[in-house]
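The primary structure of each chain is shown beneath.
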Amino acid sequence: MPGISKPASTKQFLQKYGPWALVAGASEGLGATYAEELARRGLNLVLVARREALLQALASRLAEKYSIQIRSLPLDLAGPETFGRIIAETKGLEIGLLVYNAAFSAVGLFLERTLDEHLREIDTNVRAPLGLVELFGKRMLQAGRGGIILMTSLSAFQGSAYISTYSATKAFNIVLAEGLWEEWRRDGVDVLACIAGAIRTPNYLASSPRQTGRFSDATIQPEKVVAEALSALGRQPTVIPGAVNRLSSFVMRHLLSRRAAIRFMGFILRGMYAHTEPDRKEN
Ligand SMILES: NC(=O)c1ccc[n+]([C@@H]2O[C@H](COP(=O)([O-])OP(=O)(O)OC[C@H]3O[C@@H](n4cnc5c(N)ncnc54)[C@H](OP(=O)(O)O)[C@@H]3O)[C@@H](O)[C@H]2O)c1
């Protein structure tokens, strides 16, 4: 069955997931790393993000280095024009791989962030990936091949204080990917939720996490996340990059009670982010 076996080589990867990939959230960090690895494998790229200058610099560098075609599409994925613009810009392109990487995380206590910020998390992390999965998934099913990677987070395995809405949106992505993996795998379309722990990206570092003793070195490099995600695509519905993350996820989900996992996650996130909050009594 075409959707179940793992592509064994770059050539097979290109045949299964090429000739074009769309990376949503590609201007820096993990998204740019996905773009570079896909370019290295010979896929042409549609790169989407808001910062046009960063996108264009990346596009020029990759086009020259890998001799591929690249289209940069500067837009806000949370905006109302997203789907219309993407439909217009990808007309006639055979997109065999969609990577939804963009995310918005409003870090802080729930009521200290605005409702607009919470809704922006829904628009960026739920509405936009859902729409793009519907758009490109339909085309991939018609073609009988393709792949979709949704970036999500270990924080989605239980309620996570300080990022409650973000973690809830990421839970949506895990469950959506799992359902579609089962629906589409026999028709040649592979869906994967990449469930990451902390990654050393500019976005993560900009959220000002405080180093929390033994947990401070738990971040992994974007290259490792991309390598593990691309290798898991077509083989399984979810992947947790990094052995330490797989171990901690096992403990959190299978050895601790759900209540204990929620409290432990709260403890970690309070240590990382309580300093970003206005003074408040802990109880
Ligand atoms: N970093 C971590 O520790 C970590 C942990 C677990 C899961 N993840 C997941 O991994 C993915 C990437 O994480 P990251 O943000 O740290 O890394 P990133 O890939 O370095 O940055 C996010 C990218 O998405 C773009 N983007 C964000 N909002 C957008 C919007 N509204 N419209 C268009 N583009 C947008 C950003 O570019 P512009 O600003 O130019 O638009 C940027 O290129 C996310 O899905 C995140 O939930 C990350």
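Quick caveat: nothing in here was measured; it's all calculated off a predicted structure.

Undergrad: Which residues make up the packing of aromatic side chains, and what are the values?
TA: Under the counting rule described, the total for this entry stands at two aromatic pairs. Positioned over the ring face of Phe104 is Arg120, at 5.9 Å from the centre of the ring. If you follow Arg185 out to its NZ or CZ, it ends over the ring of Trp181, 4.7 Å from the centre.

Undergrad: Quick one: what's the story with the sheet that holds strand β3 (residues 70–74), residue by residue and with numbers?
TA: Reading across from one edge, β3-β2-β1-β4-β5-β6-β7 is the order of the seven strands in this open sheet, with parallel pairing throughout. Looking at strand neighbours, the two that pair on one side only are β3 and β7 (238–239), the edges of this open sheet. Relative to strand β2 (residues 44–49), strand β1 (residues 20–24) runs parallel, the two sharing five bridges. Within the sheet, the bridge partner assigned to Ala24 lies in β2 and is Val48. Across the face of the sheet, helix α6 (residues 164–184) comes into contact with β5 (146–153), β6 (189–196) and β7 while running at roughly 155° to β5.

Undergrad: Outline the side chain of Asn101, listing residues and values.
TA: Note on placement: Asn101 falls in the loop between β4 (95–100) and α5 (115–143). Among the polar contacts made by the side chain of Asn101, one reaches the main-chain carbonyl oxygen of Gly25 at a distance of 2.8 Å. For Asn101, the contacting residues outside a window of four places in its chain are Ala24, Gly25, Leu30, Gly31, Tyr34 and Met151.

Undergrad: Lay out the environment of Ala26 in plain terms, naming residues and giving numbers.
TA: Along the chain, Ala26 falls in the loop between β1 and α2 (29–40). As a C-alpha pair, Ala26 and Leu58 span 32 residues in sequence and 8.8 Å in three-dimensional space.

Undergrad: Would you mind going over unusual backbone geometry in detail, with residue names and values included?
TA: Excluding glycine, most residues fall at negative phi; most peptide bonds, likewise, are trans. Here the amide bond leading from Gly18 into Pro19 is cis, since omega sits at 0°, within 30 degrees of zero. For Pro19, the position within the fold is in the loop between α1 (10–17) and β1. Despite not being glycine, Ser67 has its phi angle at roughly 50°, a positive value. Taking the relative accessible area as the measure of exposure, Ser67 reaches 68% and is therefore exposed.

Undergrad: Give a detailed account of the site of the ligand, specifying residues and quantitative values.
TA: As a structural note, the neighbourhood of the ligand is formed by 31 residues, with Arg50, Tyr166, Ile199, Thr201 and Asn203 the closest of them. Within the side chain of Asp76, one N or O atom sits 2.8 Å away from a nitrogen atom of the ligand. The side chain of Thr201 places a nitrogen or oxygen atom 2.5 Å from an oxygen atom of the ligand. Considering the ligand on its own, with 880 Å² of exposed area, one finds that the protein chains cover 94% of that surface. Among the elements of the structure, α2, α5, β5, α6 and α7 (202–206) are those that each provide at least two residues to the shell around the ligand. Here the residues of the shell around the ligand are counted per class, giving 14 nonpolar, eleven polar and six charged.

Undergrad: Quick one: what's the story with the packing of α2 against helix α8 (residues 222–232), residue by residue and with numbers?
TA: Axis separation between α2 and α8 bottoms out at 9 Å; the angle between their running directions is 55°. Regarding the angle of α2 to α8, the classification is oblique. In this structure, α2 crosses over α8, and the sense of that crossing is right-handed. Where α2 abuts α8, its residues Leu30, Thr33, Tyr34, Glu37 and Leu38 lie against Pro222, Glu223, Val225, Val226, Ala229 and Leu230. Class assignment of the residues belonging to the contact of α2 with α8 gives a composition of eight nonpolar, one polar and two charged.

Undergrad: Describe in detail the packing of α2 against helix α3 (residues 52–66), supporting the description with residues and values.
TA: Taken N-terminus to C-terminus, the directions of α2 and α3 make an angle of 20°; their axes are 10 Å apart at the nearest point. The pairing of α2 with α3 is recorded here as roughly parallel in orientation. Considering only the axes of α2 and α3, their crossing is right-handed. Contacts between α2 and α3 involve Ala32, Ala35, Glu36, Ala39 and Arg40 from the former and Leu58, Arg61, Leu62, Lys65 and Tyr66 from the latter. In terms of residue class, the contact of α2 with α3 is built from six nonpolar, no polar and four charged.

Undergrad: Describe the pairing of β3, and please don't skip the residues or the numbers.
TA: Across five bridges, the pairing between β2 and β3 is parallel. Residue pairing for β3: Leu45 is matched across the bridge by Ile70. Handedness of the crossover is the feature at issue here: the chain leaves β2, passes through α3, returns alongside β3, and the resulting connection is right-handed.

Undergrad: Just give me the short version of the nonpolar core, but keep the residues and values in it.
TA: Formed by 38 residues in total, the largest nonpolar core has its most connected members in Tyr34, Leu38, Leu45, Leu47 and Leu97. The greatest single-element share of this core, amounting to six residues, is contributed by α2. Once residues lying within four places of it in the same chain are set aside, the contact partners of Leu47 are Val23, Ala26, Ala35, Leu55, Leu58, Ala59, Ile70, Arg71, Ser72 and Leu73. By size, the runner-up hydrophobic cluster in this structure holds 36 residues, among which are Trp20, Ala102, Leu154 and Leu180.

Scoring rules and cut-offs
Residues numbered from 1 in each chain as written. Predicted model: local features only at pLDDT ≥ 70, side-chain atom pairs only at ≥ 80, totals over all residues. Heavy atoms only, no water. Phe/Tyr/Trp six-rings, centres within 6.5 Å; stacked < 30°, edge-to-face > 60°. Lys NZ or Arg CZ within 6 Å of the ring centre and 35° of its normal. Pairing = 2+ DSSP bridges. Helix = DSSP H or I, 4+ residues; strand = E, 2+ residues; numbered from the N terminus. Contact = heavy atoms within 4.5 Å. Axes fitted to C-alpha atoms, helices over the stretch in contact; angles between N-to-C directions. Polar contact = N/O pair within 3.5 Å; in protein donor to acceptor, adjacent residues only side chain to side chain. Buried < 20%, exposed > 50% of the residue type's maximum accessible area, 1.4 Å probe, protein only. Near = heavy atom within 4 Å. Areas by Shrake-Rupley, 256 points an atom, 1.4 Å probe, with all protein chains shown as cover. Nonpolar A, V, L, I, M, F, W, Y, C, P; charged D, E, K, R; others polar. Parallel < 35°, antiparallel > 145°, perpendicular 65-115°, else oblique. Left-handed = near helix turned anticlockwise from the far one by under 90°. Right-handed = clockwise from strand over helix to strand, strands pointing away. Core = buried A, V, L, I, M, F, W, Y, C linked by side-chain atoms within 4.5 Å.

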